[in-house]
Amino acid sequence: AGAGSPAPAVVGLASGQPAWRILIVEDNLENRLLLSSLLHKAGFEIREVENGKEAITQFHEWQPHLIWMDMRMPVMDGYEATARIRSLPGGDRVKIVAITASAYSEQHQDILAAGCDDLVRKPFRDHEIFESMARQLDIKYFYEEMGEEALQRESINLTAEMLAGLPPELNQELRQAILALDREAIFAVIERIEPLSPDTAKGLRILMDNFQTGLIGDLLGENDEN
């Protein structure tokens, strides 16, 4: 059974966080509405603009925590807007995630070189948006299935030692799946870990359900250092 493989649905933001300000820069109305309604429903504070020039004005006025930046826009594109924001006071701290229709890896290099922290490809899926934001900011989400069972799951704390106790080939496969950010492959490895170490599998699932792939990577990395 592919338990856990569909990404859990985010229903809101966990309490006790700052009011996250998210700026959406996108000239296509439909794409803009799609992203703003998704983020608005989750509880983020949103502002929307349709070109890079307006993005710079909003950055000055509103100081967003994160900017979703479409790369191809009239008036001023995402490359120029990102470069300009980066050169402004506080512009080094804001997180900027590119939204791109490009499938070419050369362009991905250009996008990151332009100063973006991450990129998501159109057409995006909801969980990709939430995962990217969680990678950039310390955002905690509240999920659909966070009932009693989730509270019990939360109590298992995964350690580097637990991962080090796994067969080396499973460790290696897990590392590769995480580097590739391939959710399905990660869950396939977790299923093979389950019969050997149910607690380790459970701990991995909790982290995956909270979009903490980076943390799993860090724990695997600690094995290398030991």
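This structure is a prediction, so every number in the text was calculated from the model and none was measured. (Residues numbered from 1 in each chain as written. Predicted model: local features only at pLDDT ≥ 70, side-chain atom pairs only at ≥ 80, totals over all residues. Heavy atoms only, no water.)

Undergrad: Please clarify how the overall build of the protein chain should be interpreted in this entry.
TA: Across its full length, the protein chain carries 11 helices and 7 strands. Here the protein chain holds 226 residues, and the buried ones make up 46% of them. At a minimum sequence separation of 6, the contacts of the protein chain that also span at least 24 residues come to 65%. Accessible surface for the protein chain amounts to roughly 11,700 Å². Of this, 50% is attributable to carbon and sulfur atoms. (Helix = DSSP H or I, 4+ residues; strand = E, 2+ residues; numbered from the N terminus. Buried < 20%, exposed > 50% of the residue type's maximum accessible area, 1.4 Å probe, protein only. Contact = heavy atoms within 4.5 Å. Areas by Shrake-Rupley, 256 points an atom, 1.4 Å probe, with all protein chains shown as cover.)

Undergrad: Help me understand the pattern of salt bridges in this model?
TA: This model, assessed by the stated rule, comprises 11 salt bridges. In this structure, Lys122 and Asp70 form a salt bridge, with 3.2 Å as the shortest nitrogen-oxygen distance. Placement of Lys122 in the loop between strand S6 (118–121) and helix H5 (126–136) and of Asp70 in strand S4 (residues 66–70) is noted, with a sequence separation of 52 residues between them. The class of Lys122 is partly exposed, set by a relative accessible area of 25%. Linked by salt bridges that have partners in common, Glu26, Asp70 and Lys122 make up one network. (Salt bridge = Lys/Arg side-chain N within 4 Å of Asp/Glu carboxyl O.)

Undergrad: I would appreciate a short explanation of the nonpolar core in the present structure.
TA: Across soluble globular proteins, nonpolar side chains have a tendency to be buried as a group. Counting residues in each nonpolar core, the largest one holds 25 residues, and the members touching the most others are Leu39, Phe44, Trp68, Met133 and Tyr141. Among the secondary structure elements, those contributing two or more residues to this core are strand S2 (21–25), helix H1 (29–42), S4, strand S5 (95–100), H5 and strand S7 (141–143). Formed by 21 residues, the second largest nonpolar core is a distinct cluster that contains Ile56, Phe59, Ile67 and Ile111. (Core = buried A, V, L, I, M, F, W, Y, C linked by side-chain atoms within 4.5 Å.)

Undergrad: Just to check I follow, could you spell out the environment of Arg205 for this structure?
TA: Structurally, Arg205 can be placed in helix H10 (residues 198–209). Along the sequence, Arg205 and Ile190 sit 15 residues apart, while their C-alpha atoms lie 7.6 Å from each other. A polar side-chain atom of Arg205 sits 2.9 Å from a polar atom in the side chain of Glu194. (Polar contact = N/O pair within 3.5 Å; in protein donor to acceptor, adjacent residues only side chain to side chain.)

Undergrad: How should I be thinking about H10 in this particular structure?
TA: It helps to recall that an α-helix has 3.6 residues per turn; residues three or four apart then point in one direction. Helix length check: H10, at 12 residues, gives a terminal C-alpha distance of 16 Å against a target of 16 Å (1.5 Å per residue), a fit within 8%. Along H10, the residues classified as buried are Thr200, Ala201, Gly203, Leu204, Arg205, Ile206, Leu207, Met208 and Asp209. Count one or two residues on from H10 and you reach Phe211, which has phi positive near 55 degrees. (Expected span 1.5 Å × (residues − 1).)

Undergrad: I'm lost on helix H2 (residues 52–62) in this one. Help?
TA: Restricting attention to buried positions, one finds in H2 the residues Gly52, Ala55, Ile56, Gln58, Phe59 and Trp62. The buried residues of H2 occupy an angular sector of 165 degrees when the element is viewed end-on, so they sit on one face. Pointing more than 90 degrees away from the buried face of H2 are the exposed residues Lys53 and Glu61. On its buried face, H2 is in contact with S2, strand S3 (45–49), S4 and helix H3 (78–86). For H2, the N-terminal capping position is held by Asn51, with its side-chain oxygen 2.9 Å away from the main-chain nitrogen of Lys53. Backbone geometry just after H2 places Gln63 at a positive phi near 45 degrees. (Arc of directions from axis to C-beta.)

Undergrad: Can you help me understand the side chain of Ser197 in this one?
TA: In this fold, Ser197 is placed in the loop between helix H9 (183–193) and H10. There is a polar contact of 2.5 Å between the side chain of Ser197 and the side chain of Thr200.

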